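Survey of secondary and tertiary structure
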Amino acid sequence: MPAPDETVPDPATVRADRTVLDARDISRALTRISHELLERNKGATDLVLLGLHTRGVPLAKRIAEKIAAVEGAPVAVGELDVTMYRDDLRSQPTRRAHKTALPPGGIDEKVVVLVDDVLFSGRTIRAALDALADLGRPGAVRLAVLVDRGHRELPIRADHVGKNLPSALAERVSVRLAEVDGTDEVTIS
């Protein structure tokens, strides 16, 4: 029996996290995405990976490392902050702006791959496309995500997906990466 001053959580509101991808699964998914990118692009020439803050940045860097290991040459990697391009700024809590950093060669006429952790409504990707339009004119834009959970509100589809994860609208999909969170895992609750 709990102490008189101790709160007992309501079982109906307690979320049980279920791990759907562990560190090895994430590594395998990123390896697969890396090979798909190389096949689709016929090599790494003119390929630029832009990670969307926050967790898309380390994912883009990991993919670049895997591609470089296969191709024997580095792949251009940048960071894209879409905060000011979001259409939910008024309804969401204030977000901390991050930096946008393009690789030295820029993005004009390059094959730009936007990299993000979870594809959900599509609104973040819409914001990323708006940001890209202000930064240059890529030859092509592709999308790589670790998890596609469905429930799109916009006509946006990922070209490269680590894991399709059907989920209920009320469920929460959480991606944790060692570079940001100290561990690699994807959970659903």
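The structure displayed is predicted, hence computed values, not measured ones.

Rules of the game
Numbering of residues starts from 1 in every chain and runs along the sequence as written. Thresholds applied to this predicted model are a pLDDT of at least 70 for local features of residues and 80 or more for the giving and counting of side-chain atom pairs; totals over whole chains, interfaces and linings are not thresholded and use all residues. Excluding hydrogens and water, the side-chain figures rest on all heavy atoms present in the structure. Each helix corresponds to a stretch of at least 4 residues labelled H or I by DSSP, and each strand to a stretch of at least 2 residues labelled E; elements are numbered beginning at the N terminus. Burial here depends on accessible area, computed with a 1.4 Å probe over protein chains only, as a share of the maximum for the residue type. Under 20% is buried, over 50% is exposed, and the range in between is partly exposed. Whether two residues are in contact is decided by their heavy atoms: any pair within 4.5 Å suffices. Pairing of N or O atoms within 3.5 Å defines a polar contact, subject to two protein rules: one partner must be a possible hydrogen donor and the other a possible acceptor, and residues neighboring in sequence count only if both atoms are side-chain atoms. UniProt positions are given in the numbering used here, feature names are shortened, and annotations may be inferred rather than shown by experiment. At least two bridges found by DSSP between two strands are what make those strands a pair. All axes are obtained by fitting lines to C-alpha atoms, using only the stretch in contact for helices, and the reported angles, taken between N-to-C directions, cover 0 to 180 degrees. Residues belong to a common nonpolar core when they are buried Ala, Val, Leu, Ile, Met, Phe, Trp, Tyr or Cys residues joined through side-chain atoms within 4.5 Å. Only Phe, Tyr and Trp rings take part, Trp by its six-membered ring, and two of them pair if their centres are within 6.5 Å. Stacked means planes under 30 degrees apart, edge-to-face means over 60, and tilted covers everything else. A ring has a charge above it when a Lys NZ or an Arg CZ is no more than 6 Å from the ring centre and no more than 35 degrees off the ring normal. Roughly parallel means an angle under 35 degrees; roughly antiparallel, over 145; roughly perpendicular, 65 to 115; everything else is oblique. If you view the pair so one helix is near and one far, a crossing is left-handed when the near helix is turned anticlockwise from the far one by less than a right angle, and right-handed when it is turned clockwise. Residues were grouped as follows: Ala, Val, Leu, Ile, Met, Phe, Trp, Tyr, Cys and Pro as nonpolar; Asp, Glu, Lys and Arg as charged; and all remaining residues, including Gly, as polar.

Among the secondary structure elements, Asp148 is positioned in strand β5 (residues 140–148). Note on Asp148: relative accessible area 10%, which makes it buried. Sequence separation between Asp148 and His160 is 12 residues; the distance between their C-alpha atoms is 9.6 Å. Ignoring sequence-local partners within four residues, the contact set of Asp148 consists of Leu119, Val161, Lys163, Asn164 and Leu165. Among the polar contacts made by the side chain of Asp148, one reaches the main-chain amide nitrogen of Gly150 at a distance of 3.0 Å.

In the numbering adopted here, UniProt assigns the feature "short sequence motif: PRPP-binding" (unreviewed entry) to residues 112–124. Secondary structure content for residues 112–124 is 15% helix and 62% strand, and the end C-alpha separation is 16 Å.

Glancing now at the environment of Gly56. Its location among the elements puts Gly56 in helix α2 (residues 56–71). Accessibility expressed as a relative area gives 0% for Gly56, which makes it buried. Separated by 62 residues in sequence, Gly56 and Val118 place their C-alpha atoms 8.8 Å apart.

Across the sheet, five strands lie side by side as β3-β2-β4-β5-β6; this open sheet has parallel pairing. Each edge of the open sheet carries a strand with a single partner, namely β3 (76–80) and β6 (160–164). Across the sheet, the mean angle from the axis of one strand to that of its neighbour is 25 degrees, orientation sign disregarded. Where strand β2 (residues 47–52) and β3 come together, five bridges link them in parallel fashion. Across the sheet, the residue bridging to Leu50 is Gly78, located in β3. The strands touched by α2 are β2, β3, β4 (111–119) and β5; relative to β2, the strand with the most contacts, the crossing angle is about 155 degrees. Each of β2, β3, β4 and β5 touches helix α3 (residues 123–135); the most contacted strand, β4, lies at about 155 degrees to it.

Residues Leu49, Ile63, Ile67, Leu146, Val147 and Val186 are the most contacted members of the largest nonpolar core, which totals 30 residues. Residue assignment for this core shows that the elements contributing at least two residues are β1 (18–21), α1 (23–41), β2, α2, β4, β5, β7 (173–176) and β8 (185–188). The element contributing the most residues to this core is α1, with six residues. Of all hydrophobic cores here, the second largest spans 19 residues; its members include Val82, Leu119, Ile125 and Ala128.

The three strands lie next to each other as β1-β8-β7, forming an open sheet whose pairing is antiparallel. At either margin of the open sheet sits one strand with a lone partner, and together these are β1 and β7. Going across the sheet, the axis of each strand differs from the next one's by a mean of 30 degrees, ignoring polarity. Taken together, the four bridges between β7 and β8 define a ladder with antiparallel strand orientation. What sits directly across from Val173, in β8, is Ile188. Across the sheet, α1 lies against β1, β7 and β8, angled at about 30 degrees from β1, the strand it touches most.

If you walk through the whole model with that rule in mind, you get zero aromatic pairs. Above the plane of the ring of Phe120 lies Arg149, whose end atom (NZ or CZ) is 4.1 Å from the centre.

Our focus in this paragraph is the packing of α1 against α2. The contact between α1 and α2 brings their axes to 9 Å, and the two run at 60 degrees. The angle between α1 and α2 places the two elements in the oblique class. Like other packed secondary-structure pairs, α1 and α2 cross with a definite hand, here right-handed. In this structure, α1 contributes Ile26, Ser27, Leu30, Thr31, Ile33, Ser34, His35, Leu37 and Leu38 to the contact, and α2 contributes Leu59, Arg62, Ile63, Lys66, Ile67, Val70 and Glu71. Classifying every residue of the contact of α1 with α2 by side-chain character gives nine nonpolar, four polar and three charged.

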